Amino acid sequence: VMYSQKIIEYQSGMGTRDEQKPEIWILYDNVFATHEGMNLYADSAHYNTKLNNFTAFNNIKIELTDTTTIYGDKLFYNANTRVVEIWGKDVIFIDGATRLVTTHLLYDRNSNMANYTAGGVATNKQNTLVSKKGYYYSNANEFFVYDDVVLTDSSAVIKTDTMQYNTNTNIA
């Protein structure tokens, strides 16, 4: 699938070019960027105009849709592949009533799929889903989780190695 290589648009309180690499803009003070419907907020960022990618730092908030938001401490976004990589003490991914907390998350905007490999805790209503690794497909509201999986709800605790879980139907 080919995507138009639409450039990242941005604004910030202050900006300067990197003297060693003039293709890089160093942005400070209320950085805001947008790319194909995604809004990104951060304290500071480096924007590589040649490679069309964005590295952002501190108080990061990404609005993917009206109901899907990601928070974190450090981000790398490649506008050509449309993949977000975000790190933090608490990376928080919210999709409607579902909330996933991890330390490192990849989000592919082409498939609307989140992936984590450093452990995650997902909550939805009264249910808690813990696993070491997982995929979450926003379009289907489906988790596919692996390694030390524990699903806890009001009536049961299920422990397994692998699970598929739908956050709409609450069927595991």
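Below, the structure is looked at part by part. (Residues numbered from 1 in each chain as written. Predicted model: local features only at pLDDT ≥ 70, side-chain atom pairs only at ≥ 80, totals over all residues. Heavy atoms only, no water.)

**Thoughts on the overall build of the chain**
- When you go through the chain residue by residue, the secondary structure sums to 0 helices and 14 strands.
- Taken from the N to the C terminus, the helices and strands of the chain come in the order β-β-β-β-β-β-β-β-β-β-β-β-β-β.
- The C-alpha extent of the chain, read off along each of the three principal axes, is 60 × 35 × 25 Å.
- Taking all 172 residues of the chain together, 40% fall into the buried category. (Helix = DSSP H or I, 4+ residues; strand = E, 2+ residues; numbered from the N terminus. Buried < 20%, exposed > 50% of the residue type's maximum accessible area, 1.4 Å probe, protein only.)

**Some words on the nonpolar core**
- By size, the foremost hydrophobic cluster in this structure holds 36 residues, and its most contacted members are Phe54 and Ile62.
- The element contributing the most residues to this core is strand β4 (residues 38–48), with 5 residues.
- Ignoring any residue separated from it by four or fewer positions in sequence, one finds Ile62 in contact with Met38, Asn39, Leu40, Thr68, Thr69, Ile70, Leu75, Val84 and Ile86. (Core = buried A, V, L, I, M, F, W, Y, C linked by side-chain atoms within 4.5 Å. Contact = heavy atoms within 4.5 Å.)

**Here we look at the environment of Gln11**
- Along the polypeptide, Gln11 turns up in strand β1 (residues 9–11).
- Residues Gln11 and Met38, spaced 27 residues apart in sequence, show a C-alpha to C-alpha distance of 14 Å.
- In contact with Gln11, not counting residues within four places along its chain, are Asn30, Val31 and Phe32.

**Re the packing of aromatic side chains**
- Applying the stated rule across the entire model yields 8 aromatic pairs.
- Seen in terms of ring centroids, Tyr135 and Tyr146 are 6.3 Å apart; in terms of plane orientation they differ by 85°. Their pairing is edge-to-face. Remark: Tyr146 occurs in strand β13 (residues 142–152) and Tyr135 occurs in strand β12 (residues 133–137); sequence separation between them is 11 residues.
- By relative accessible area, Tyr135 is classed as partly exposed at 31%.
- The ring of Tyr41 has Lys61 sitting right over it, with the charged end atom 5.9 Å from the ring centre.
- Cation over ring: Lys74 sits above Trp87, and NZ or CZ is 5.4 Å from the ring centre. (Phe/Tyr/Trp six-rings, centres within 6.5 Å; stacked < 30°, edge-to-face > 60°. Lys NZ or Arg CZ within 6 Å of the ring centre and 35° of its normal.)

**A word on the pattern of salt bridges**
- Following the criterion strictly, the structure yields 4 salt bridges and no others.
- Salt-bridge contacts for Lys61 lead to Glu63; the nearest nitrogen and oxygen are separated by 3.3 Å.
- Since its relative accessible area comes to 27%, Lys61 is described here as partly exposed.
- Between Asp147 and Lys133 there is a salt bridge; the shortest N-O distance is 3.2 Å. One end of the pair, Asp147, is in strand β13; the other, Lys133, is in strand β12, with 14 residues separating them in the sequence.
- Classification of Asp147 as partly exposed rests on a relative accessible area of 26%. (Salt bridge = Lys/Arg side-chain N within 4 Å of Asp/Glu carboxyl O.)

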